[in-house]
Amino acid sequence: MRSKSKTILYSGFLSGTLDILAAILIYSVILHQTTAVKILQSIASGMFKKEAYTNGSQMALYGLLLHYFIAFLFAYIYFKIYPYLPFLRQNFLLSGIIYGIFVWIVMNLIVLPIVFPELPAKQFDFPLLLSILILIFCIGLPIAYVTKKFYTRH
């Protein structure tokens, strides 16, 4: 990547795409728990509440846009803190794992409880572990890798 903004856009787009594809593949195709549209509508419900489930593909599109906005935001944050935290530069694998866990913590223990105050309690089980692994492999590692590549060249 030649510019900071292109690097952030690329890592946000890459991580957002990997994350939503993983969610759809695992929860819709493999486990048959939901549909791709319902996954995207549930993301939109963060802003539109119950209305997100009434407008079909339009709300799915809003959910996808919101999903990418969040991915770009996490890519931006990592890119901005990277020069100031030396341990991020030492090992992109460890940094990506830690950042994926950080993203899970922010989304599941801060953002979602604020947006949805009546969420069920979290239990340490396979679905929770799976959600953490998805964020590590689809958000943390791609963002860490793309950012490291940029800063290594500049």
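A few points on the structure. Small disclaimer: the values here were computed from a predicted structure and weren't measured. (Residues numbered from 1 in each chain as written. Predicted model: local features only at pLDDT ≥ 70, side-chain atom pairs only at ≥ 80, totals over all residues. Heavy atoms only, no water.)

## Examining the overall build of the protein chain
Of regular secondary structure, the protein chain possesses six helices and zero strands. The C-alpha radius of gyration computed for the protein chain amounts to 16 Å, which stays within 12% of the reference 15 Å derived for 154 residues, consistent with globular compactness. Projected onto the principal axes, the alpha-carbon positions of the protein chain cover approximately 50 × 35 × 30 Å. Taking all 154 residues of the protein chain together, 37% fall into the buried category. Carbon and sulfur atoms provide 72% of the accessible area of the protein chain, an area that totals close to 9300 Å². Across the protein chain, the centroid of the 12 positively charged side chains sits 22 Å from that of the 4 negatively charged ones. (Helix = DSSP H or I, 4+ residues; strand = E, 2+ residues; numbered from the N terminus. Rg over C-alpha atoms; globule rule 2.2 N^0.38 Å. Buried < 20%, exposed > 50% of the residue type's maximum accessible area, 1.4 Å probe, protein only. Areas by Shrake-Rupley, 256 points an atom, 1.4 Å probe, with all protein chains shown as cover. Lys, Arg positive; Asp, Glu negative; His and termini not counted. Charge placed at Lys NZ, Arg CZ, Asp CG, Glu CD.)

## A look at the packing of aromatic side chains
According to the stated counting rule, one finds twelve aromatic pairs in the structure shown. Aromatic side chains F13 and Y68 sit 5.4 Å apart centroid to centroid with 15° between the ring planes, which places their arrangement in the stacked category. In this pair, F13 is assigned in helix α1 (residues 4-30) and Y68 in helix α3 (residues 56-81), connecting sequence segments 55 residues apart. We classify Y68 as buried; its relative accessible area is 15%. An angle of 55° between the planes, with centres 5.1 Å apart, marks the rings of F79 and F150 as tilted. Taken together, the positions of F79 in helix α3 and F150 in helix α6 (residues 126-153) put the pair 71 residues apart, joining distant regions of the chain. What makes F150 buried here is its relative accessible area of 4%. A network of ring pairs unites the aromatic residues F74, Y78, F79, Y82, Y99, F102, F150 and Y151 as a single cluster. (Phe/Tyr/Trp six-rings, centres within 6.5 Å; stacked < 30°, edge-to-face > 60°.)

## Structural notes on a nonpolar patch on the surface
Nonpolar side chains collect at one region of the surface, where I97, I101, I105, L109, I110 and I114 lie side by side and expose about 520 Å² of accessible area between them. Along the chain, L109 turns up in helix α5 (residues 92-115). Residue classification places L109 among the partly exposed residues on the basis of a relative accessible area of 49%. (Patch = residues over 30% accessible without salt bridge, like charges linked within 9 Å, V, L, I, M, F, W, Y side chains within 5 Å. Salt bridge = Lys/Arg side-chain N within 4 Å of Asp/Glu carboxyl O.)

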